[in-house]
Amino acid sequence: MDLLSPRPGVVQIKPYRAQRPPKDGRRWIDLSLTQNPLGPSPAALAAYRNAASHIHRYPDWGQDALRHAIARRHSVDVDHIVCSAGSEELIHLVTQAFAGPGDEVLCHEHGYRGFLKAVRAAGATAVIAAERDMVVDVQAMIDRANERTKLCFLANPNNPTGTYIPIEAVQRLRAGLPSHTLLVLDSAYADYCRRPDYSDGTEIVETSDNVLMIQTFSKMHGLAGLRVGWGYGPAGVIEAINAIRNAFNVGAPAQAAATAALTDRDHEDATYAHNAVWLPWLSRELERVGLRVYPSVCNFVLARVPPDPSMGVQAVIDHLAGRGILVKPVADYGLPDCLRITVGREEESKALIAALAEILG
Ligand SMILES: Cc1ncc(COP(=O)(O)O)c(C=O)c1O
């Protein structure tokens, strides 16, 4: 009898195994995940608590209140929105719906690794375009596209590099890709980037029939634990995703909390203002203690540990863990000498720099 085995693409996937704060009674500072250091929106929290007494009921399969709230807030057509259990689920759903064995999916060199996982799970082939100094190279992506390219993933800004490309470059990418390729624009960190030449891509969705934009409630809105993401795209793409998604994929308290979060401008403003102060501070201080920091427009930075035979990335991670601080190694992004560090609260950021100064000098 043949041995039971998953599909070849599935075997290539390494299950998620990140470091977790040990339950050792210490108060750990977790800067390893890109969460909101200020916590959830208070309005979202109130809505979540309010929804708790109804959890014997299935959630609204049509996600109506949430989709209308997104449509109002972003001035987009409610019929072109679909919500998901975190944007991660949407990445999987769109890949499953549009790519399979024999198809290619374009990704970028240090792009978000959730893309590769989805491509492998769907049995398609990932084609990786080189970046230039941690920034997406649009021409390199266009050059790798062909008749088999069903999807092209672009995280803009990208995790873990923290860099972005201007909207004009995204438009150039769309124009350079074949018309049978769906461009999936992952704008998970759009809320943090207010540069004049940046856009989350809403206008490209509206002027093309082959662009899907993805966003999340996990970052700015502080709802990572609830798992809510959403996509805005052409009717046919939304229809295909709706066809395969679990009708009840976003829980009722999650829908209620995300709907309320969209009305909480104070929480968004406070989050943005915090990041606007502490992102540059963190970048400057990391450079001061000897790390190379890439210019970030997100709520985290990518920092390169200088080559030193006596002390590599692991020694830095171990030292920080000894001080109760977690940061994210990014070797699986092809960046073995780098760390991704999230902007924490003031005292967390200061504790990080003090701990680093102890070993980096
Ligand atoms: C670029 C990017 N896309 C998508 C996600 C998935 O986020 P979530 O599933 O929490 O919405 C992340 C999470 O870190 C991310 O960095």
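Rules behind the numbers
Residues numbered from 1 in each chain as written. Predicted model: local features only at pLDDT ≥ 70, side-chain atom pairs only at ≥ 80, totals over all residues. Heavy atoms only, no water. UniProt positions renumbered as here; feature names shortened; annotations may be inferred. Pairing = 2+ DSSP bridges. Helix = DSSP H or I, 4+ residues; strand = E, 2+ residues; numbered from the N terminus. Axes fitted to C-alpha atoms, helices over the stretch in contact; angles between N-to-C directions. Contact = heavy atoms within 4.5 Å. Near = heavy atom within 4 Å. Polar contact = N/O pair within 3.5 Å; in protein donor to acceptor, adjacent residues only side chain to side chain. 1 Å grid on protein atoms, 1.4 Å probe; cavity = no way out; pocket = protein on both sides within 12 Å on 5 of 7 lines; lining within 4 Å. Sits in = over half its atoms within 2 Å of the grid points. Nonpolar A, V, L, I, M, F, W, Y, C, P; charged D, E, K, R; others polar. Phe/Tyr/Trp six-rings, centres within 6.5 Å; stacked < 30°, edge-to-face > 60°. Buried < 20%, exposed > 50% of the residue type's maximum accessible area, 1.4 Å probe, protein only. Lys NZ or Arg CZ within 6 Å of the ring centre and 35° of its normal. Parallel < 35°, antiparallel > 145°, perpendicular 65-115°, else oblique. Left-handed = near helix turned anticlockwise from the far one by under 90°. Patch = residues over 30% accessible without salt bridge, like charges linked within 9 Å, V, L, I, M, F, W, Y side chains within 5 Å. Areas by Shrake-Rupley, 256 points an atom, 1.4 Å probe, with all protein chains shown as cover. Salt bridge = Lys/Arg side-chain N within 4 Å of Asp/Glu carboxyl O. Lys, Arg positive; Asp, Glu negative; His and termini not counted. Charge placed at Lys NZ, Arg CZ, Asp CG, Glu CD. Domains from an automatic or database assignment. Buried area = accessible area lost by both parts, 1.4 Å probe.

- The name an unreviewed UniProt entry gives the protein is Histidinol-phosphate aminotransferase, with Azospirillum doebereinerae as the organism.
- Reading the Sequence similarities (unreviewed entry) entry of the UniProt record for the protein gives the comment "Belongs to the class-II pyridoxal-phosphate-dependent aminotransferase family. Histidinol-phosphate aminotransferase subfamily."
- Reading the Catalytic activity (unreviewed entry) entry of the UniProt record for the protein gives the comment "L-histidinol phosphate + 2-oxoglutarate = 3-(imidazol-4-yl)-2-oxopropyl phosphate + L-glutamate".

Digging into the sheet that holds strand S9 (residues 211-216)
Sheet strands pair via backbone hydrogen bonds, and the direction of the pair is either parallel or antiparallel.
Thinking step 1. Pairing is mixed across the open sheet formed by 7 strands, whose spatial order is S2-S10-S9-S8-S7-S3-S4. Looking at the sheet topology across the chains shown, the edges are occupied by strand S2 (81-84) and strand S4 (125-129). The mean angle between the axes of side-by-side strands here comes to 20°, regardless of whether they run parallel or antiparallel.
Thinking step 2. Alignment of strand S7 (residues 149-155) against strand S8 (residues 182-186), held across 5 bridges, turns out to be parallel. Paired with Leu151 across the bridge in S8 is Leu182.
Thinking step 3. Strands S2, S7, S8, S9 and strand S10 (229-232) of the sheet are contacted by helix H4 (residues 86-98), whose axis makes an angle of about 165° with S7.
Thinking step 4. Contacts from helix H9 (residues 235-244) reach S2, S8, S9 and S10 within the one sheet, and its direction differs from that of S2 by about 35°.

Concerning the site of the ligand
Thinking step 1. Near the ligand there are 13 residues, and of these Asn159, Asp186, Thr216, Ser218 and Arg227 occur at the shortest range.
Thinking step 2. The separation between an oxygen atom of the ligand and a polar side-chain atom of Thr216 is 2.6 Å.
Thinking step 3. With respect to the ligand, the side chain of Ser218 contributes an N or O atom lying 2.6 Å from an oxygen atom.
Thinking step 4. Counting atoms within 2 Å of the grid points, the majority share of the ligand lands in the largest pocket.
Thinking step 5. Counted by class, the shell around the ligand contains 3 nonpolar, 6 polar and 4 charged residues.

Quick notes on the packing of aromatic side chains
Thinking step 1. If you walk through the whole model with that rule in mind, you get 6 aromatic pairs.
Thinking step 2. Centre to centre, the rings of Tyr164 and Tyr198 are 5.8 Å apart; their planes meet at 85°, and the pair counts as edge-to-face. Linking Tyr164 in the loop between S7 and helix H7 (167-176) with Tyr198 in the loop between S8 and helix H8 (202-207), this pair joins segments that are 34 residues apart in sequence.
Thinking step 3. When its relative accessible area of 17% is taken as the criterion, Tyr164 is described as buried.
Thinking step 4. Where Trp278 meets Trp281, the ring centres are 5.1 Å apart and the plane angle is 65°; that geometry is what we call edge-to-face. Placement of the pair is Trp278 and Trp281 together in helix H11 (residues 265-288), with a separation of 3 residues, close to one helical turn. Comparing Trp278 with Trp281, the two get one shared label, buried.
Thinking step 5. Taken together, the ring pairs connect Tyr112, Phe115 and Phe153 into an aromatic cluster.
Thinking step 6. When the ring centre of Tyr272 is taken as reference, the NZ or CZ atom of Arg194 above it lies at 3.5 Å.
Thinking step 7. When the ring centre of Phe300 is taken as reference, the NZ or CZ atom of Arg340 above it lies at 5.8 Å.

So, the packing of helix H12 (residues 313-322) against helix H13 (residues 346-360)
Thinking step 1. Relative to each other, H12 and H13 sit at 125°, their axes nearing to 10 Å. In terms of their interaxial angle, H12 and H13 are classed as oblique. Like other packed secondary-structure pairs, H12 and H13 cross with a definite hand, here right-handed. The residues of H13 that touch H12, namely those facing Ala315, Val316, His319 and Leu320, are Leu352, Ala355, Leu356, Glu358 and Ile359.
Thinking step 2. Residues of the contact of H12 with H13, tallied by class, amount to 7 nonpolar, 1 polar and 1 charged.

Some details on a nonpolar patch on the surface
Thinking step 1. A cluster of nonpolar residues, Tyr58, Trp61 and Phe248, forms a patch on the protein surface that exposes about 410 Å² of accessible area.
Thinking step 2. Relative to the helices and strands, Tyr58 is located in the loop between helix H2 (42-51) and helix H3 (64-74).
Thinking step 3. Judged by relative accessible area, Tyr58 falls into the exposed class, the value being 67%.

Considering a negative patch on the surface
Thinking step 1. Taken together, the side chains of Asp77, Asp79, Glu203 and Glu206 present a region of like negative charge at the surface.
Thinking step 2. Turning to its location among the elements, Glu203 is positioned in helix H8.

Description of the domain arrangement of the protein
Thinking step 1. Along its sequence, the protein is carved into domain 1 (20-40 + 266-360) and domain 2 (42-261).
Thinking step 2. Between the C-alpha centres of domain 1 and domain 2 the distance comes to 26 Å.
Thinking step 3. Contact with domain 2 buries area across many residues of domain 1, yet Glu268, Val297 and Tyr333 alone supply 31% of it, more than any other trio.
Thinking step 4. For the pair domain 1 and domain 2, the number of links is 2 salt bridges.
Thinking step 5. The tally of links between domain 1 and domain 2 comes to 9 residue pairs in polar contact (both at pLDDT 80 or more).
Thinking step 6. Of all elements in the fold, only H11, strand S12 (300-304) and strand S15 (335-342) reach the threshold of two or more residues within the side of domain 1 that touches domain 2.
Thinking step 7. Among the elements that make up the side of domain 1 that touches domain 2, the one with the highest residue count is H11 (5 residues).

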